[in-house]
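These are the residues of each chain, in order.
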Amino acid sequence: MARQHPITTEASSGAGALEITGLSVEYVTKRSRTRVIDNLTLTLQPDEMLGVVGESGCGKSTLAYSIMRMIPPPGRPVAGAIRFGRHGDLLSVPELYMNRLRGDRIAMIFQGAQSVFNPVRRIGRQVEDVFQAHGKDRRKGLERARELLKATQLDPGRVLKSYPHEMSGGMRQRVAIAMALLLDPEILILDEPTSALDVVSQAAILELLVEIRQRFHVSLIFITHDFAVVSSHADRIAVMYAGHIVEIGRADEIFRVPRHPYTKGLIQAIPNIRGPLRDIRAMDGEPPDLSKEIVGCPFAPRCPEVMDACRSYKPELLTIAPGHEAACIRAAMAEAQ
Amino acid sequence: MAVLSLSHIHKDFTVGLRPIFKPPRRLHALRDVTMELERGDIVAVVGESGCGKSTLARIAAGVSDPSSGTIRIQGMDLHAVSRAKARELRRSVQIVHQDPYAALNPTMTVYQALSAPLLIHRMVAKGQVRDRVMELLRMVGLNESHLAKYPNELSGGQRQRVVLARAFTVKPDVIVADEAVSAIDVSMRQTILSVMQRIHDEEGTAYLFITHDLGLARYFAQSGIIAVMYAGRVMEYGDTEAVIKGPRHPYTAILRQAVPDPDPELNQTQDLIPVRSTELPDLTQEETGCAFSARCPFAVDRCMSEVPALRPVAGADGRPVLVACHRAEELELPQEEPEVELA
Ligand SMILES: Nc1ncnc2c1ncn2[C@@H]1O[C@H](COP(=O)(O)OP(=O)(O)O)[C@@H](O)[C@H]1O
Ligand SMILES: Nc1ncnc2c1ncn2[C@@H]1O[C@H](COP(=O)(O)OP(=O)(O)O)[C@@H](O)[C@H]1O
Ligand SMILES: [Mg+2]
Ligand SMILES: [Mg+2]
C-alpha cells in the first residue's frame, strides 16, 4: 500500500529546507470564517533553528499544523504552498505520501503533549514500535535511540527500561525530542516544548537542542510565547501577530534593533536577571478577534507608536536591512529617510 | 507582629500503598521550613518542580496541615485557638493558583463569583455588595462590561484577575500566589503583577510569591526576600538583590543561569557552572547529607555525610544571607557581570 508512494530520495535542489509561500488558513463554520494565517511567506534554511514567537492565539500552532498537514477541522488551508524540497508541495502531495513524511522526514513535538508516550509500554518498546510502524529494522532503532539519548544527559540504558511515568516532566520531554529524531527527520517542529516546564528543565532542553543541531543536521522550528527562550538560542526569529509574520531576521539583530513595536513590546515584557533590574512593561489590550475583518495594521489598536495611516493601510513585510524584514509603516518610513 | 509565621514545618506524604508486600514509604516534601511575613512583606519562594513549593503554599494557606511545626497567624498558634477562631484567622491568608480555569466555577458569572464570598462572610451590608464588587473589579483592571461574563468568555489574563479580585473579597493580610502568572503569556504577566503590586502598596497585603523562575521572583520581590528551595528545604534566604547579584548557594547559581537572557551575547559569554545531573533526589530516602550534593559540581565528602544547616553568611552586598551549604564561604560562584552599556 505504502509502496505506491515511496519517499523520494534524490538530492534536493539546495534551496531552503522548507518554503512556505502565500499560506492562508481559515476555520470556517456556519456562523463565522476565521482567517488564522493570512498570506504568510517563510523560508526555513537547512540546519537552522528558527524561533517563532508571539502571544497565544496568533496562529503559531496553526502554522505548525499546516506544515504537518494536520490542521484540526474545520480548519483548512485556503491558499498558498508549502514546498519541501524534492517532495513538492506538502499541501498537495497524496495523503499516503504525507503519511510517510510525517515522523520520518518532518517530526513534531506537540504543544502540551506530555502524553505522546504509551503509558503502559517501556520506552525501549516504544522505540521499536516507531521503527516497526515505518517498516524499519528494530535493532538499528535501539542503537540509534541509545545514541540520541546520550545527548539528553540521561542514562540510555535506564531510560529504555523505564515507563513514561517514572520520569519527571522535563526528562519525558527530552526523551520525546530524542524519539522524534529516531527516523532522522530533516525538520523538527517544537510547539511550546518548554512552556509547561520549569526553567531548569527548560535550560536542559535548550542545551539538548544545541547538541542535536551539531550532531544530527536537522532544521528546527521552535515555537514559543517567550521571546527570551528563542532569542538566546535561535539563529533567526519570526515574530507572529494575528496570523501574520510582522518581523523576521537574525536573532541578535531582532533583539538589538527590533523594528516592529510588537517585537519591542515582547522584549520589554521580559524580566531580566543579569544587569540592573529593568522595569518590565506589559502590552495593553489583547490580540484581535480574527473572526472579524481587520482593517489596517492588526497591531494598531495596541500600538504605542500608532499613526493615522496605520488604521487604514495594512503594512507588508519590507526589507529593512539584509535579512531583516518588518511589517510596519513607521519602520518603513524610517528606512526611506 | 508577623501576619503569618511558619516555624519548623515538616510535611510527609505516604506513598507506595499499592504493592502489598512493600511497606508504604514516607515522602518528605518539606523539611524544617521556617518563614515569616510581616505586614506588606514580599517573599518569593523559588525552586524547580517537585521541590515542595505547592506543598508549602497549601500549608501556608491552611488548605493542608503540616506533619509537624507551628503556624501562627497574627501571632496566634492555629493549634492553640478554637476551631472557629482558626477558621477566621485562616481567612486572612488567601491562595491564588496557577490555573484560573480550574479556580473559577464555569457556571457562575464574574458578579456571582465575587458577590458570593462577600455575602457568605458578611464582608459588606447586602445593599453594598454591588458597589464593592465594582470596586474590586476596578482594582484588578476590569470593569462593568465584565460583570455578566462567564469564565469561558474571558481570556486567561482576565480570569486570573477575577481570581485575584475574589481572593481579595475577604481582605486578606497575605496572598499566597502559587505560580499565579506562569500559565499566562509573558507579554501579559506584568499587568497581573502590577495589580498585585498595587494591592500591596494600597492595602499592605503581604505576598508569598511562588515561582520556578528566578527572573520573575527578582521582579516581583524586588524590595523583598527570595527563598530558594530544593528537595523540601530552604537552601538560600536573603534580600532579593543580594541573592540575585551574588548567589552563595551553588543551586541558586544554577537557577540563575537557567533563566534565558534575551540578549544572545549575554548567553554566550556567561561562565556556566556545569550541572552534574538533572535528576531530583528521592524524597522517600532519609537524608544523609546535602540533598543537592548529587548534582553539585562542588560537592566534597562532607556534603555527602552531613546535612548543612541554614546559617548566616556574608552576601554579595555585605549584608548577611542565610545559606545551607558547607562550602558557602570558600566557593567562588559567578557574580554579577560588570554592567554592560547598551547602545
Ligand atoms: N477550531 C477552531 N475554530 C475557530 N478558530 C480556531 C479554532 N482553533 C483555533 N482557532 C483560532 O485560531 C487562532 C490561532 O490559534 P493557534 O494557532 O492555536 O495560536 P497559537 O498557537 O499562537 O496560540 C486563535 O485565534 C484561535 O482562536
Ligand atoms: N498529595 C501528595 N501525595 C504524595 N506526594 C505528594 C503529594 N503532593 C506532593 N507530593 C510530592 O511532594 C513533592 C513536592 O511537591 P510540590 O509541593 O507539588 O512541588 P512543587 O510545587 O515545587 O513542584 C513532590 O515530590 C511531589 O511528588
Ligand atoms: Mg499554540
Ligand atoms: Mg507546584
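Residues numbered from 1 in each chain as written. Chains lettered and ligands numbered in written order. Predicted model: local features only at pLDDT ≥ 70, side-chain atom pairs only at ≥ 80, totals over all residues. Heavy atoms only, no water.

Engineer: Can you walk me through the overall build of chain B in this structure?
Structural biologist: Along its length, chain B carries 12 helices and 12 strands. Relative to the 2.2 N^0.38 estimate, which gives 20 Å for 343 residues, the radius of gyration of chain B is 21 Å and therefore close to what a compact globule would have. Seen along its three principal axes, the alpha-carbon backbone of chain B occupies a region of about 70 × 65 × 40 Å. By the burial criterion, 54% of the 343 residues in chain B qualify as buried. Sequence separation of 24 or more characterises 64% of the internal contacts of chain B that already satisfy a separation of 6 or more. Accessible area of chain B: about 15500 Å², with a carbon and sulfur share of 50%. Considering chain B, the positive charge centre built from 38 side chains and the negative charge centre built from 43 side chains are found 10 Å apart. (Helix = DSSP H or I, 4+ residues; strand = E, 2+ residues; numbered from the N terminus. Rg over C-alpha atoms; globule rule 2.2 N^0.38 Å. Buried < 20%, exposed > 50% of the residue type's maximum accessible area, 1.4 Å probe, protein only. Contact = heavy atoms within 4.5 Å. Areas by Shrake-Rupley, 256 points an atom, 1.4 Å probe, with all protein chains shown as cover. Lys, Arg positive; Asp, Glu negative; His and termini not counted. Charge placed at Lys NZ, Arg CZ, Asp CG, Glu CD.)

Engineer: Even after reading the chapter, I still don't get the site of ligand 1, so can you show me in this structure?
Structural biologist: Residues and elements named next belong to chain A. Around ligand 1, the structure places Tyr 27, Val 36, Glu 55, Ser 56, Gly 57, Cys 58, Gly 59, Lys 60, Ser 61, Thr 62, Pro 74 and Leu 290. Gly 59 has a polar backbone atom sitting 3.1 Å from an oxygen atom of ligand 1. Lys 60 places a main-chain nitrogen or oxygen 2.9 Å from an oxygen atom of ligand 1. Here the element with the most residues in the shell around ligand 1 is helix α1 (residues 60-68); it accounts for three residues. Each residue belonging to the shell around ligand 1 can be placed in one class, and the counts come to five nonpolar, five polar and two charged. (Near = heavy atom within 4 Å. Polar contact = N/O pair within 3.5 Å; in protein donor to acceptor, adjacent residues only side chain to side chain. Nonpolar A, V, L, I, M, F, W, Y, C, P; charged D, E, K, R; others polar.)

Engineer: Explanation requested: the site of ligand 2 in the structure shown.
Structural biologist: All names here are of chain B. Around ligand 2 there are 14 residues in total, and Gly 50, Gly 52, Lys 53, Ser 54 and Thr 55 lie nearest to it. Between ligand 2 and Cys 51 there is a distance of 3.2 Å, counted from an oxygen atom to a backbone nitrogen or oxygen. Between ligand 2 and Gly 52, the relevant distance is 3.1 Å, taken from an oxygen atom to a main-chain nitrogen or oxygen of the residue. Expressed as a share of its isolated accessible area of 560 Å², the protein-covered part of ligand 2 is 65%. Residue assignment for the shell around ligand 2 shows that the elements contributing at least two residues are β1 (4-15), β2 (25-37) and α1 (53-60).

Engineer: Please explain the coordination of the magnesium ion (ligand 3) as it appears in this structure.
Structural biologist: In an ideal tetrahedron of four donors about a metal, each angle is 109.5 degrees. In an ideal octahedron of six donors, the angles are 90 or 180 degrees. For the magnesium ion (ligand 3), the protein coordination sphere consists of Ser 61 of chain A (OG) and Gln 111 of chain A (OE1), at 2.0 to 2.2 Å. In this pair, Ser 61 of chain A is assigned in helix α1 and Gln 111 of chain A in the loop between β5 (106-109) and α3 (123-133), connecting sequence segments 50 residues apart. (Donors = N, O, S within 2.8 Å, 3.2 Å for Na, K, Ca; no water.)

Engineer: Would you mind going over the sheet that holds β1 of chain B with me for this structure?
Structural biologist: Strand-to-strand pairing in sheets goes through backbone hydrogen bonds, with the strands running parallel or antiparallel. All names here are of chain B. The strand order β2-β1-β4-β5 describes an open sheet built from four strands, whose pairing is antiparallel. Bordering the open sheet on either side are β2 and β5 (76-77), each of which pairs with just one other strand. Bridge analysis of β1 against β2 gives nine bridges, and the strand direction is antiparallel. What sits directly across from Thr 14, in β2, is Arg 26. Packed onto the sheet, α1 meets β1, β2 and β4 (68-73) and runs at close to 120 degrees relative to β1. (Pairing = 2+ DSSP bridges. Axes fitted to C-alpha atoms, helices over the stretch in contact; angles between N-to-C directions.)

Engineer: Honestly, the sheet that holds strand β10 (residues 318-321) of chain A in this entry has me stumped. Any pointers?
Structural biologist: All names here are of chain A. In space, the eight strands of this open sheet follow the order β5-β6-β7-β3-β8-β9-β11-β10, with mixed pairing throughout. With one partner strand each, in any of the chains shown, β5 and β10 form the two edges of the open sheet. Ignoring strand direction, the axes of neighbouring strands in this sheet form an average angle of 20 degrees. Where helix α6 (residues 169-180) meets the sheet, it contacts β5 and β6 (187-191), and its direction lies at approximately 170 degrees from that of β5.

Engineer: How should I be thinking about the domain arrangement of chain A in this particular structure?
Structural biologist: Frequently, the measure chosen for interface size is the accessible area removed from exposure when the parts meet. Residues and elements named next belong to chain A. Looking at chain A, the domain boundaries give domain 1 (18-105 + 185-336) and domain 2 (116-184). Of note, the centres of domain 1 and domain 2, computed from C-alpha atoms alone, are 29 Å apart. At the interface, 22 residues of domain 1 touch 17 residues of domain 2. Roughly 1600 Å² of surface becomes buried between domain 1 and domain 2 when both sides are summed, with 66% attributable to carbon and sulfur atoms. Its largest share of buried area at the contact with domain 2, domain 1 owes to Pro 185, Leu 208 and Phe 216, together 34% of the area lost on that side. Where domain 1 meets domain 2, there are one salt bridge. Close ionic contact of Lys 136 with Asp 104 constitutes a salt bridge, the shortest N to O distance being 3.1 Å. Seen at the junction of domain 1 and domain 2, the total is five residue pairs in polar contact (both at pLDDT 80 or more). Put simply, the parts of the chain that give the side of domain 1 that touches domain 2 at least two residues each are β6 and α7 (199-216). Here the side of domain 1 that touches domain 2 is built from residues that sort into 12 nonpolar, two polar and eight charged. (Domains from an automatic or database assignment. Buried area = accessible area lost by both parts, 1.4 Å probe. Salt bridge = Lys/Arg side-chain N within 4 Å of Asp/Glu carboxyl O.)

Engineer: How should the interface of chain A and chain B be read in this particular structure?
Structural biologist: Between chain A and chain B, the contact holds 44 residues from the first and 41 residues from the second. The contact between chain A and chain B buries some 3800 Å² in all, and 60% of this surface belongs to carbon and sulfur atoms. Of all residues in chain A, Val 199, Ile 273 and Arg 274 of chain A bury the most surface against chain B, accounting for 22% of the area lost on that side. At the junction of chain A with chain B, the criterion picks out three salt bridges. Across the salt bridge formed by Asp 263 of chain B and Arg 256 of chain A, the nearest N and O atoms sit 3.2 Å from each other.

Engineer: Mind showing me how you'd approach the environment of Lys 60 of chain A here?
Structural biologist: All names here are of chain A. Within the element layout of this structure, Lys 60 appears in helix α1. For Lys 60, a relative accessible area of 5% gives the class buried. Taking the C-alpha atoms as reference, Lys 60 lies 28 Å from Pro 164; in sequence the two are 104 residues apart. When near neighbours in sequence (up to four residues on either side) are disregarded, Lys 60 contacts Val 52, Val 53, Gly 54, Glu 55, Glu 192, Ile 223, Thr 224, His 225 and Met 240. Polar contacts involving the side chain of Lys 60 include one to the main-chain carbonyl oxygen of Glu 55, which spans 3.0 Å.

Engineer: How should the packing of aromatic side chains be read in this particular structure?
Structural biologist: Geometry of an aromatic ring pair is reported as the spacing of the ring centres plus the angle between the planes. Evaluated as defined, the whole model comprises nine aromatic pairs over all chains. Ring geometry for Tyr 207 of chain B against Phe 220 of chain B: centres 5.3 Å apart, planes inclined by 90 degrees, an arrangement best described as edge-to-face. Of the two residues, Tyr 207 of chain B is situated in strand β8 (residues 206-211) and Phe 220 of chain B in helix α8 (residues 214-220); the sequence distance between them amounts to 13 residues. Phe 220 of chain B shares its class with Tyr 207 of chain B; the two are buried. Grouping aromatic residues by their ring pairs yields a cluster made of Tyr 241, Tyr 262 and Phe 299 of chain A. (Phe/Tyr/Trp six-rings, centres within 6.5 Å; stacked < 30°, edge-to-face > 60°.)

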